[in-house]
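What the coordinates show
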Amino acid sequence: MSPLLRRTKKKAARDRVVTLIGKPGCHLCDDARAVVEKVCAETGASWEEKDITRDEALHREYWEQIPVVLVDGEQHTFWRVDEARLRGALEG
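For the structure given in this document, a descriptive report is provided here. Because the structure is predicted, anything quoted here is derived from the model rather than measured.

**Structural notes on the overall build of the protein chain**
Counting its secondary structure elements, the protein chain contains 3 helices and 4 strands. Going residue by residue from the N terminus, the α and β elements of the protein chain occur as β-α-β-α-β-β-α. The C-alpha extent of the protein chain, read off along each of the three principal axes, is 50 × 30 × 15 Å. Classification of the 92 residues of the protein chain by burial places 36% in the buried group. Long-range contacts, defined as pairs at least 24 residues apart, comprise 66% of the intrachain contacts of the protein chain with a sequence gap of at least 6. Of the roughly 6300 Å² that the protein chain leaves accessible, carbon and sulfur atoms contribute 49%. When the 16 positive and 17 negative side-chain charges of the protein chain are each reduced to one mean point, those points stand 7 Å apart.

**Concerning the pattern of salt bridges**
Applying the stated rule across the entire model yields 9 salt bridges. Notably, a salt bridge pairs glutamate 56 with arginine 60, separated by 3.0 Å at the nearest N-O pair. Here the residue glutamate 56 and the residue arginine 60 both occupy positions in helix 2 (residues 56-62), the gap between them amounting to 4 residues, near one helical turn. Within the structure, one salt-bridge network assembled from shared partners comprises Lys38, Glu42, Glu83 and Arg87.

**What about the sheet that holds strand 1 (residues 17-22)?**
Pairing in this open sheet of 4 strands is mixed, and the strands run 2-1-3-4 from one edge to the other. With one partner strand each, in any of the chains shown, strand 2 (46-51) and strand 4 (74-78) form the two edges of the open sheet. When the angles between neighbouring strand axes are averaged without regard to direction, this sheet yields 25°. Of the strand pairs in this sheet, strand 1 and strand 3 (residues 68-71) are connected by 4 bridges, and their pairing is antiparallel.

**Considering the nonpolar core**
Ranked by internal contacts, the top residues of the largest apolar core, which has 14 residues, are Val18, Val36, Val69, Val81, Leu86 and Leu90. If you tally residues by element for this core, the top one is helix 1 (residues 27-43), at 5 residues. If we skip the residues at most four places from it in the chain, valine 36 touches Val18, Trp47, Val69 and Leu86. With 10 residues, the next largest nonpolar core counts Ile21, Cys29, Ile52 and Ile66 among its residues.

**What to know about helix 3 (residues 83-91)**
Helical periodicity: at 3.6 residues per turn, an α-helix aligns residues three or four positions apart in one direction. Here helix 3 has its buried residues at Leu86, Arg87 and Leu90. Down the axis of helix 3, the buried set is contained in an arc of 100°. They therefore lie on one face. Looking at the buried positions of helix 3, the neighbouring elements they touch are strand 1, helix 1, strand 3 and strand 4. Of the residues flanking the start of helix 3, the one acting as N-cap is aspartate 82, its side-chain oxygen 3.2 Å from the backbone nitrogen of alanine 84.

What counts, and where the lines are drawn
- Residues numbered from 1 in each chain as written.
- Predicted model: local features only at pLDDT ≥ 70, side-chain atom pairs only at ≥ 80, totals over all residues.
- Heavy atoms only, no water.
- Helix = DSSP H or I, 4+ residues; strand = E, 2+ residues; numbered from the N terminus.
- Buried < 20%, exposed > 50% of the residue type's maximum accessible area, 1.4 Å probe, protein only.
- Contact = heavy atoms within 4.5 Å.
- Areas by Shrake-Rupley, 256 points an atom, 1.4 Å probe, with all protein chains shown as cover.
- Lys, Arg positive; Asp, Glu negative; His and termini not counted.
- Charge placed at Lys NZ, Arg CZ, Asp CG, Glu CD.
- Salt bridge = Lys/Arg side-chain N within 4 Å of Asp/Glu carboxyl O.
- Pairing = 2+ DSSP bridges.
- Axes fitted to C-alpha atoms, helices over the stretch in contact; angles between N-to-C directions.
- Core = buried A, V, L, I, M, F, W, Y, C linked by side-chain atoms within 4.5 Å.
- Arc of directions from axis to C-beta.
- Polar contact = N/O pair within 3.5 Å; in protein donor to acceptor, adjacent residues only side chain to side chain.

Set out below in structure tokens:
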């Protein structure tokens, strides 16, 4: 079977990693953190937080978009985190 036609098994939510990129004192980051914490706790996904004030590369890439949420290293959303959409990305 061609590799292009082969179905890949989807990762279980518990095998997914959500990364929240933000900075201290950002109220949108606080809101995003609450959603990420809740959805990850409910789905079993792990999550981490990165501070753009401590990482020059992240600052250059995301400073106009924070908070930014990545799922398995790929940008999922920015500014506002929709709980249902994040849950769908982790479980879908």
